[in-house]
Amino acid sequence: MMKKKMLVVNGLEFEVIGQGKPAVKKIFTDLAERHDYEVEFVHDDGLYCEGDDWRSAALKVETRGPNWVKHSEEYLAKVKEASVVVVGFSAVGKALMDAGEKLELVAAMRSGVENIDLAYAKEKGVQVCCAPGRVSEPVADFTCALILDANRGVTYVNKWWKPGLEEELQPYFYPELYRDLTIGLVGFGIIGKKVVNRLKNFGFKFIAYDPFVTQEQADEYGVTMLPLNEVMAKADTITVHARLLPETKNLVGKKQIACMKPTAFIINTARGGLIEEEALIEALKERKIRGAALDVLQTEPLPDDHILRTLDNVILTPHLAGMAGDMDVVSAQIIAGYIEDYLDGKPVASRKA
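Being a predicted model, the structure only gives us computed values, none of them experimental.

Draft legend 1. Quick look at the overall build of the protein chain. Along its length, the protein chain carries 14 helices and 12 strands. For the protein chain, the C-alpha radius of gyration of 22 Å lies close to 20 Å, the compact-globule estimate for 353 residues. Within the protein chain, contacts between residues at least 6 apart in sequence are counted, and of these 64% link residues at least 24 apart. Both charge centroids of the protein chain, one from 43 positive and one from 52 negative side chains, sit 2 Å from each other.

Draft legend 2. Fine view of the packing of helix α6 (residues 136-152) against helix α9 (residues 190-199). Here α6 crosses α9 at 55°, and the two axes come no closer than 9 Å. Considering their axes alone, α6 and α9 lie oblique with respect to each other. Of the two possible hands of crossing, α6 and α9 adopt the one that is right-handed. Taking contact as the criterion, the partners of S136, E137, V139, A140, D141, T143, C144, I147 and L148 in α6 are, on α9, I190, I191, K194, V195, R198 and L199. Residues of the contact of α6 with α9, tallied by class, amount to 9 nonpolar, 2 polar and 4 charged.

Draft legend 3. Representation of the packing of helix α1 (residues 22-34) against helix α14 (residues 327-343) within the structure. Contact geometry for α1 and α14: axes closest at 9 Å, N-to-C directions at 10°. Judged on the interaxial angle alone, α14 and α1 are roughly parallel. Residues A23, V24, I27, F28, L31 and R34 of α1 form the contact with α14, whose participating residues are D328, V329, A332, Q333, I335, A336, I339 and E340. Split by residue class, the contact of α1 with α14 holds 10 nonpolar, 1 polar and 3 charged.

Draft legend 4. View of the pairing of strand β6 (residues 182-186). With 5 of 5 residues buried, β6 lies mostly within the body of the structure. A two-sided burial pattern is seen for β6, the buried positions comprising T182, G184 and V186 on one face and I183 and L185 on the other. One ladder, built from 5 bridges, connects β6 with strand β7 (residues 205-209); its direction is parallel. If you follow G184 over to β7, its bridge partner there is I207. Judged from the 4 bridges that link them, β6 and strand β9 (residues 237-240) form a sheet pairing that is parallel. Paired with G184 across the strands is I238, a residue of β9.

Draft legend 5. Local environment of the pairing of strand β1 (residues 4-10). In terms of burial, β1 is a largely internal element, 6 of the 7 residues being buried. As defined by bridge partners, β1 adjoins strand β2 (residues 37-43) across 7 bridges and the pair is classed as parallel. Among the inter-strand pairings, K5 is bridged to a residue of β2, identified as E38. Pairing analysis gives 4 bridges linking β1 to strand β3 (residues 82-87), with the strands arranged parallel. Looking at the pairing, L7 lines up with V85 of β3.

Draft legend 6. Examining the packing of aromatic side chains more closely. Applying the stated criterion across every chain, the model contains 2 aromatic pairs. With centroids separated by 5.6 Å and ring planes inclined at 90°, the aromatic side chains of F188 and Y221 adopt a geometry described as edge-to-face. With a gap of 33 residues between them, F188 in the loop between β6 and α9 and Y221 in the loop between α10 (215-219) and β8 (223-225) connect regions that are remote in the sequence. Cation over ring: K25 sits above F41, and NZ or CZ is 4.8 Å from the ring centre. Sitting over the ring of Y120, K94 keeps its end group 5.6 Å from the ring centre.

Draft legend 7. Up close: unusual backbone geometry. Going from E300 to P301, the amide bond is cis rather than trans, its omega being -5°. Its place among the elements puts P301 in the loop between β11 (291-294) and β12 (314-316). Within the chain, R287 stands out as a residue other than glycine whose phi angle is a positive 55°. In this structure, R287 sits in the loop between α13 (277-285) and β11.

Draft legend 8. Fine view of the sheet that holds β2. The 5 strands are arranged β2-β1-β3-β4-β5 in an open sheet whose pairing can be described as parallel. Taken across any chain shown, the strands that pair with only one partner, and hence form the sheet edges, are β2 and β5 (127-130). Neighbour-to-neighbour, the strand axes of the sheet open up by a mean angle of 20°, direction not taken into account. The strands that α1 touches are β1, β2 and β3; relative to β2, the one it contacts most, it runs at about 150°. Contacts between helix α3 (residues 73-80) and the sheet are confined to β1, β2 and β3, with β1 contributing the most and set at about 145° to the helix.

Draft legend 9. Representation of α3 in the model. Among the residues making up α3, those that are buried are Y75, L76 and V79. All buried residues of α3 project into a common sector of 95° when viewed along the axis, lining one side. Across α3 from its buried face, at more than 90 degrees, point the exposed residues E73 and E74. In this structure, the buried residues of α3 make contact with β1, β2, β3 and α4 (94-99).

Here is what the cut-offs are and how they apply
Position labels on residues start from 1 in each chain and follow its written sequence. Predicted model: local features are reported for residues with pLDDT of at least 70 only, side-chain atom pairs are reported and counted for 80 or more only, and whole-chain, interface and lining totals are derived from all residues. Side-chain metrics rest on all non-hydrogen atoms present in the structure, leaving aside hydrogens and water. Helix numbering and strand numbering both begin at the N terminus, where a helix is a DSSP run of H or I of at least 4 residues and a strand a DSSP run of E of at least 2. Radius of gyration here uses only the C-alpha atoms, and the compact-globule reference equals 2.2 Å multiplied by the residue count raised to the power 0.38. Two residues form a contact once any of their heavy atoms are found within 4.5 Å. We count Lys and Arg on the positive side and Asp and Glu on the negative side, and we leave His and both chain ends out. By convention, the charge on Lys lies at NZ, on Arg at CZ, on Asp at CG and on Glu at CD. Angular values range over 0 to 180 degrees, each being the angle between N-to-C directions of two axes fitted as lines to C-alpha atoms, with helices fitted over their stretch in contact. Small angles under 35 degrees read as roughly parallel and large ones over 145 as roughly antiparallel, with 65 to 115 read as roughly perpendicular and the rest as oblique. Should the near helix be turned anticlockwise from the far one by less than a right angle, the crossing is termed left-handed; should it be turned clockwise, right-handed. Lys, Arg, Asp and Glu make up the charged group, whereas Ala, Val, Leu, Ile, Met, Phe, Trp, Tyr, Cys and Pro make up the nonpolar group; the residues left over, Gly among them, are polar. Buried means the residue's accessible area, taken with a 1.4 Å probe over protein chains only, is under 20% of the maximum for its type, while exposed means over 50%, and partly exposed covers the values in between. For two strands to count as paired, DSSP must find a minimum of two bridges between them. Stacked, tilted and edge-to-face are the three classes assigned to paired rings of Phe, Tyr and Trp, where Trp is represented by its six-membered ring and a pair needs centres within 6.5 Å; plane angles under 30 degrees give stacked, over 60 edge-to-face, the rest tilted. For a Lys NZ or an Arg CZ to count as sitting over a ring, it must be within 6 Å of the ring centre and within 35 degrees of the ring normal. Directions are taken from the helix axis to each C-beta atom, and the arc is the one they span.

Here it is as C-alpha cells:
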C-alpha cells in the first residue's frame, strides 16, 4: 500500500522550506514519519508568472486572490499525488485544487488565507487551516513601539530638531497628555489583546471596536467595547488590528477619520487596505489629525516620490512589524500542530473551510 503524500511548498524567495533549513524541514519530516506519510519539499515559482518580485506578488495575492497565478506543469504533477499541501504565500486556487486528485487538506503557514480560494476549497471538500498569531508577538511589540514613538515624538524630534526649535517642538519634548492617553483599537483579536497587555502598566485607558468580541470577553483586559465611530472620536491614538477582507476594505474611511481628534495619531501594522489612504493623506496634509505611523500601505514598496514621504507628521516603516525572531520555525510548529490534529481526527482550531 502506497503511503499518502505530504507536499511542503516554498513559493517565495524569502521562504526557506525546501531550501535546506534544517529545523523547518525536520518539523515536517518528523510529522510525516509519525503518521506514515511520505513528505516531499518542492518549489512553486507560480507567483512570479507575471514578472513580479516577491513583495509585489504577495501583495497582488492579498488584493486579487490566488486564481491569477499560473503554476508549472511539473509542480501540478506533484500536487496530483498529495493528500496534504503545506504552503506559505504560494497560491492555492482552482488550478491547484483541480490538479490535486487526492487533496484533503491545505495548510497555510501564515496568519490568514488570502492566498487560498476558500469558496472553491469548500466546493471541492478540501479542508483549510492557517497559523493565526504566528507573528503576533513581534507585531504587538512593534505596534507598542510606534504608539510610544508617536506620542513622545522620538522619530519626529530626531528628524526635525535643531537648536532654537525647542519652543516649536515643545509638544514633543513635553507632551501634556501622556499618562492619561486613551488607546483605541480597531480589531481586538490576538494582536490587539497583546498590545493591551503590553501597554496597560503605562496607565493608559483602552477602548476597542470588534463586532466579534463581547463586552464580557473584553472585561478581562480592562477594555471598553464601542461602535467604530465612537472609538475613532474618543481615542488619542488609534491602532488598527483587523483582517483585510472584502467587507473590511477601507474600514477606516473618510467618515471615520473625520471623527478623530485633531491631536490624535493613527497606527497601522495590519494591512494597508484597511485605511482609505487618500482620506488619510488629506487629513495629514491639512493637519486635521496630529499624525500617523504606518508599517503597511496600499502600495508596497512605497515609491520614492510618494506624497507620504514628504509629510513631516508621518512615520513610515517598510512592512517589517512581523520580521523578528525565527518566524519560519514558529510558523512551521504552529501549522504542524494543526495538521497533526487533522491526521488524528481531531478538530482543527484554525480550520477555515
